[in-house]
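# Remarks on the overall topology
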Amino acid sequence: MTFPLDRPRRLRSTAAMRRMTAEYRLDPSELVLPAFIREGLTEPNPISSMPGVVQHTTDSLLRASAEAVELGLGGIMLFGIPAERDAHGSAGTDPDGVLNKAIAAVRSEVGDDLVIMSDVCLDEFTDHGHCGVLADDGSVDNDATLEIYAQMAVTQAEAGAHLLGPSGMMDGQVGVIRQALDAAGHHDVGQIAYAAKYSSAFYGPFREAVDSQLKGDRRTYQMHSANRREALREVELDLSEGADMVMVKPAMSYLDILADVAAVSPVPVAAYQISGEYAMIEAAAANGWIDRMAAIEESVLGIKRAGANIILTYWAAEVAQLLRARR
Ligand code: PBG
């Protein structure tokens, strides 16, 4: 042994010492709760692959929004599931469509006390389940989709969203949405851009959550999981098009990407802990294989440590409750 022996264990010796020397700590204000509303429901509908998460009715969504305010969460990210779908996803641009009505209802419930975000994407609204409209050859038509995103964005802004989340990975989506919002006078409505969104097997439970009609995959528009450098290109493009924040998604299998983006981004960086990440921990915990709450906290803290300023997680309310209980 060499003396004096270096003893990092001193700083781990008591709970108070560990608490004081923690380099990162979670706060409810950086957490965003993703929430689903389904048209025509009379009762909240459990999502079997996401135990504890439901498809909301308007009433239950408003209760969840009020609870989010009460817990001090940063925001809520809304996804809508329409009763009727078609090839163009018309329910997404209809001011009376399920998502647009939900945005308006949540806005009148919580006002500006919570950041209300909404998904700008066609996959929940199309009968083929793709994030855009299809060309004659069956491919996803980038530029035709952009026109619809622009309309969706203005409709969502008019309904009362504070921040729009374009998640379809069409080239140019952030710029087209920015132009459309500005032209309609919505200068203050921003975008949390899904900049580096990867094609992922971990979206599986979300497909049940939104009753997705997709056959096949999204590999021609979402990023290849092998690519790291390309994430920075996507971030740069979204910033040049006017993104107010950028997001990396999924989170846990992409912490290197998150750290890369956090190192260079001049705007806040978000990460989305997605449905499959939620399902894995819930399933392991339900089997008694891991300590549920400890695993949840560790996973969210890991995402923060990697560089996220904002974390979308289905556990947002529960983590906020845990933080409160600890005070
Ligand atoms: C697309 C969208 C998806 C998710 C969020 N927005 C699904 C997809 O790209 O297939 C996934 C979120 C999750 O898995 O929790 N509108």
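Before reading further, recall that the structure is shown in the block above.
Throughout what follows, the structure given in this document is the object of discussion.

Scoring rules and cut-offs
Residues numbered from 1 in each chain as written. Predicted model: local features only at pLDDT ≥ 70, side-chain atom pairs only at ≥ 80, totals over all residues. Heavy atoms only, no water. Axes fitted to C-alpha atoms, helices over the stretch in contact; angles between N-to-C directions. Helix = DSSP H or I, 4+ residues; strand = E, 2+ residues; numbered from the N terminus. Parallel < 35°, antiparallel > 145°, perpendicular 65-115°, else oblique. Contact = heavy atoms within 4.5 Å. Buried < 20%, exposed > 50% of the residue type's maximum accessible area, 1.4 Å probe, protein only.

### Focus: the packing of helix α10 (residues 292-306) against helix α11 (residues 316-326)
Any two packed helices are characterised by the angle at which their axes cross and by the distance between the axes. With their axes 11 Å apart at the nearest point, α10 and α11 run at an angle of 100° to one another. Here α11 runs roughly perpendicular to α10, going by the angle between their axes. Of α11, the residues touching α10 (which contributes Arg292, Met293, Ile296 and Glu297) are Glu318, Val319, Leu322 and Arg326.

### Describing unusual backbone geometry
At the junction of Lys249 and Pro250, the peptide bond is cis and its omega measures out at -10° in the coordinates. Counting through the fold element by element, Pro250 comes out in the loop between β8 (245-249) and α8 (255-264). Of note in this structure, Met169 is not a glycine but carries a positive phi near 60°. Tracing the chain through its elements places Met169 in the loop between β6 (163-166) and α5 (173-183). Here the phi dihedral of Asp211 falls at roughly 55°; this positive angle occurs in a residue that is not glycine. Within the secondary structure, Asp211 sits in the loop between α6 (204-209) and α7 (229-240). On the basis of relative accessible area, Asp211 is assigned to the partly exposed category, the value being 29%.

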